[in-house]
Amino acid sequence: MKEPAFTEEDRRFMRVALDLARKAEGAGEVPVGAVLVRGGRILGEGCNRPVASADPTAHAEMEALRAGAGQLENYRLPGTVLYVTLEPCVMCAGALVLARIERLVFAARDLRFGAVRSKFRLADSELLNHRLQVEEGLLAADAGSLLANFFEKRR
């Protein structure tokens, strides 16, 4: 597999997503953060909040998409990039397709629930009417250690 050529802008936005993941961890949530960007400008941010909000859909990606859609006043988000610290689940991957996200950059794979590479290839499935450009591995070690430490403390 060819390694993606990440830019300094990619690194900057993934660091923002990692900061959001740390915020989720501080609130007792699984540490996942997401940032939605278009034209070098952040449209939406999110961190995991399903426990605090009593909402099973309050994943970091969904929070960032909601904020971005509100900013643009449109449920379609063409020309956008989503940076997320963990590979999206089936719900989130489906939302990315429906929102017409152009590019997804994620840090660490989710070997249990990942729906973009680990378990399914939903975001670039030929069965769907929209495919995302998917790039993985940016700051994966940082995101992976954040998650590992969180779950280690819970055991």
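Scope of this entry: the structure provided in the associated data block. (Residues numbered from 1 in each chain as written. Predicted model: local features only at pLDDT ≥ 70, side-chain atom pairs only at ≥ 80, totals over all residues. Heavy atoms only, no water.)

### Brief notes about the layout of surface pockets
Okay, step 1: If you add up the space inside the largest pocket, you get close to 540 Å³.
Okay, step 2: Around the largest pocket, the lining comprises 20 residues; the ones closest to its centre are Val30, Leu86, Asp110, Phe113 and Phe151.
Okay, step 3: Counting only elements with at least two residues in the lining of the largest pocket, the list comes to helix 2 (50-53) and helix 5 (140-154).
Okay, step 4: In terms of residue class, the lining of the largest pocket is made up of 12 nonpolar, two polar and six charged. (1 Å grid on protein atoms, 1.4 Å probe; cavity = no way out; pocket = protein on both sides within 12 Å on 5 of 7 lines; lining within 4 Å. Points joined across faces, edges and corners; volume = space filled by probe spheres on them. Helix = DSSP H or I, 4+ residues; strand = E, 2+ residues; numbered from the N terminus. Nonpolar A, V, L, I, M, F, W, Y, C, P; charged D, E, K, R; others polar.)

### What about the pairing of strand 4 (residues 103-108)?
Okay, step 1: The element strand 4 is largely enclosed, with a buried count of six among its six residues.
Okay, step 2: Examined bridge by bridge, strand 3 (residues 81-86) and strand 4 share five bridges and lie parallel to one another. Bridge pairing in strand 4 links Tyr83 to Val105.
Okay, step 3: The parallel pair strand 3 and strand 4 is bridged by helix 4 (residues 90-99), and the resulting crossover is right-handed.
Okay, step 4: Sheet topology note: the strand 4/strand 5 (residues 133-136) ladder contains four bridges and is parallel. Each bridged residue has a counterpart across the sheet, and for Arg103 the counterpart in strand 5 is Gln133. (Buried < 20%, exposed > 50% of the residue type's maximum accessible area, 1.4 Å probe, protein only. Pairing = 2+ DSSP bridges. Right-handed = clockwise from strand over helix to strand, strands pointing away.)

### Some thoughts on unusual backbone geometry
Okay, step 1: Of note, the phi angle at Glu73 is positive, near 55°, even though the residue is not glycine.
Okay, step 2: Take Glu73: it is sitting in the loop between helix 3 (60-72) and strand 3.
Okay, step 3: Of note, the phi angle at Leu139 is positive, near 55°, even though the residue is not glycine.
Okay, step 4: Examined against the element boundaries, Leu139 turns out to sit in the loop between strand 5 and helix 5.
Okay, step 5: Note on Leu139: relative accessible area 24%, which makes it partly exposed.

### Considerations on the packing of aromatic side chains
Okay, step 1: One pass over the full model with this rule turns up two aromatic pairs.
Okay, step 2: The interplanar angle of 35° and the centroid separation of 5.5 Å between the aromatic rings of Phe13 and Tyr83 together place this pair among those described as tilted. Of this pair, Phe13 sits in helix 1 (residues 8-26) while Tyr83 sits in strand 3, placing them 70 residues apart in sequence. With respect to class, Phe13 is no different from Tyr83; both count as buried.
Okay, step 3: Consider the rings of Phe150 and Phe151, whose centres lie 5.1 Å apart with planes at 80°: the pair is edge-to-face.
Okay, step 4: Over the face of the ring belonging to Phe13 we find Arg12, whose NZ or CZ atom lies 4.4 Å from the ring centre. (Phe/Tyr/Trp six-rings, centres within 6.5 Å; stacked < 30°, edge-to-face > 60°. Lys NZ or Arg CZ within 6 Å of the ring centre and 35° of its normal.)

Everything listed here is a matter of geometry and, on its own, says nothing about what the molecule does.
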